[in-house]
Amino acid sequence: MKLLTLKMYICTLIVVPSALGMENELAGIFERATHSGGLAAKAFQEEKKFREETIAQINNLRKRLSTIQNSQKGEDPEAWQAKILSQINRDEATTALFNTALKKPGVKASFPVNTHKTLEILTGVKPLITESFFEILEGNNPKGYSYDQQTVTQLGGDNTITIWGNSRGTYLKTALLYMLATHEEGPSKGFGSMGLKWFDGSALAHVAALPDLELDMSSYSFACPYEPGAKLGLVIPHSGYSFGGHLGEPRYGQGKRFGPQDCSSGVAFLTGSPAYTTADQLCAYRKLSGLVGLIPAGWETGADATYLLKNMEVVTVKDPQNDIQPGQIYWHRRFANTDPEMKVTVGSGGHTAITLGYLRDGSVVTIGYNRDMPKLEGFGIQNFLWAAEPLKKKGLFHVKGL
């Protein structure tokens, strides 16, 4: 990769622009990663494809809005705005009922449905429509909502300019869907008016099958006709991340292009492997390295364990600067304070991503999927401290043959 391009990448990653040494160090990490020809290079390529497709699809929605606005000159924009805000209020009330219905005994829903963030999304969409509806309608970007980015995404950080790496992207996409669903007279058509085929190819939103619920969702914007295997689906606007990913869903058994991922399904997508969890990674690490710690009975006979034990090699890190290399798989697992030695349980949460390299400040540079709304959401670069930390076990794998 040319140095100029590398510096363009880096400009989104540097919190302190004067840190020239850090900039040069990152340039070296990116150069090695993009020329590695392995998982790291593939991850860069996929992030770029997702970002470019997202930009194109946002532009397409805005063109549709422009066409509507130009063909309906007599429509009152203020009434349109008020209609959207009224619909958001109804959707907030329905979402509260929906969340209660999901907790009823016997209700079985997928991970993306059970961990949906509709209320959090509406919390961001409402002020966007209230304060910036007319700006969006005129084809302009509100402050903080620039999206025509040509550099790799940084997750989190202090970005106040663009929608990348934070939840403003999800807010903007949802606002555009609201505008398209409510532009005609009469009740809102909901996001399902986009049609299932649109969602099949969308990098902006996804539809996950809903279980049968005793709840009227006929006027709920986020409910959509679904097939096969369910009557209704839940529309999930996203910026690349959805907990549980989307593999194995009735409509997308093998996944869809530009579908949302979580951290572990994203690594599985990039490695072409079966999906597994960070708990599986911990158990594989314990088994392969001989590390003392709980491995649940029967774990080794499962498909996830079989894949990991056959295809993963533990990376021994004595010199982080030399031993941490592009294309390795970084993982960590968090533990409760009731297991301070991190041996008697498998922890309660974690993260995994593709490694790009190691910084002298002690950070592992990774690329992957993550979400911590509203400051962090999407597919991009994130750094993690490599040194040992209380109640957090971490490690690296090398994938055989990759």
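Above this text is the structure in question.
What counts, and where the lines are drawn
- Residues numbered from 1 in each chain as written.
- Predicted model: local features only at pLDDT ≥ 70, side-chain atom pairs only at ≥ 80, totals over all residues.
- Heavy atoms only, no water.
- Helix = DSSP H or I, 4+ residues; strand = E, 2+ residues; numbered from the N terminus.
- Rg over C-alpha atoms; globule rule 2.2 N^0.38 Å.
- Buried < 20%, exposed > 50% of the residue type's maximum accessible area, 1.4 Å probe, protein only.
- Contact = heavy atoms within 4.5 Å.
- Areas by Shrake-Rupley, 256 points an atom, 1.4 Å probe, with all protein chains shown as cover.
- Lys, Arg positive; Asp, Glu negative; His and termini not counted.
- Charge placed at Lys NZ, Arg CZ, Asp CG, Glu CD.
- Pairing = 2+ DSSP bridges.
- Phe/Tyr/Trp six-rings, centres within 6.5 Å; stacked < 30°, edge-to-face > 60°.
- Axes fitted to C-alpha atoms, helices over the stretch in contact; angles between N-to-C directions.
- Disulfide = S-S within 2.5 Å.

Engineer: Please explain the overall build of the protein chain as it appears in this structure.
Structural biologist: The secondary structure content of the protein chain amounts to twelve helices and nine strands. A globule of 402 residues ought to have a C-alpha radius of gyration of about 21 Å, and the protein chain, at 22 Å, matches this closely. Across its three principal axes, the protein chain shows a C-alpha extent of roughly 70 × 55 × 35 Å. Put simply, the protein chain has 402 residues, and 52% of those count as buried. Pairs at least 24 apart in sequence give 66% of the contacts found in the protein chain among residues at least 6 apart. For the protein chain, the computed accessible surface area is about 18200 Å², with 53% contributed by carbon and sulfur atoms. Of the side-chain charges in the protein chain, 41 are positive and 39 negative, and the distance between the mean point of each set is 4 Å.

Engineer: Mind showing me how you'd approach the pairing of strand E3 (residues 232-237) here?
Structural biologist: Look at any regular strand and the pattern is simple: side chains alternate between the two faces of the sheet. For E3, a buried count of five out of six residues is recorded, marking the element as mostly surrounded by other parts of the structure. Bridge analysis of strand E1 (residues 205-209) against E3 gives five bridges, and the strand direction is antiparallel. Bridge pairing links Ala209 to Gly233 in E3. One ladder, built from three bridges, connects strand E2 (residues 223-225) with E3; its direction is antiparallel. Residue pairing across strands places Pro225 opposite Leu232, the latter belonging to E3. Counting the residues between successive antiparallel strands, the hairpin from E2 to E3 contains six residues, one of them, Gly229, with a positive phi of roughly 90°.

Engineer: Would you explain the pairing of strand E8 (residues 376-385) in this entry?
Structural biologist: Judged by how many residues are buried, E8 sits mostly within the fold: eight of ten residues are covered. Turn length for the strand E7 (residues 363-372)-E8 hairpin, with the two strands adjacent in sequence and antiparallel, is three residues.

Engineer: What exactly am I supposed to notice about the packing of aromatic side chains here?
Structural biologist: Aromatic ring pairs are reported here in terms of the distance separating the ring centres and the angle at which the planes meet. The full count for this structure, using the stated rule, is 16 aromatic pairs. Relative to Tyr307, the ring of Tyr276 lies with its centre 6.2 Å away and its plane at 20°, an arrangement referred to as stacked. Of this pair, Tyr276 sits in the loop between helix H9 (263-271) and helix H10 (278-289) while Tyr307 sits in helix H11 (residues 303-311); the two residues are 31 residues apart in sequence, bridging distant segments of the chain. Overall, Tyr276 belongs to the buried group, its relative accessible area being 3%. Geometrically, the ring pair formed by Tyr330 and Phe384 is stacked, given 5.2 Å between the ring centres and 20° between the ring planes. With Tyr330 in strand E5 (residues 329-334) and Phe384 in strand E8, this pair connects stretches of sequence that are 54 residues apart.

Engineer: It is not clear to me how the sheet that holds E1 should be interpreted in this structure. Could you clarify?
Structural biologist: Hydrogen bonds between backbone atoms are what pair the strands of a sheet, whose relative direction is either parallel or antiparallel. Sheet architecture is open: three strands sit in the order E1-E3-E2, paired in antiparallel fashion. Edge strands, defined here as strands with exactly one partner in the open sheet, are E1 and E2. Between one strand axis and the next, the sheet turns by 40° as a mean value, whatever way the strands run.

Engineer: Would you mind going over the state of the cysteines with me for this structure?
Structural biologist: The term disulfide refers to a covalent linkage connecting the sulfur atoms of a pair of cysteines. Scanning the model with the defined rule gives zero disulfides in all. Not part of a disulfide, Cys283 finds its nearest cysteine sulfur in Cys263, a span of 15 Å.

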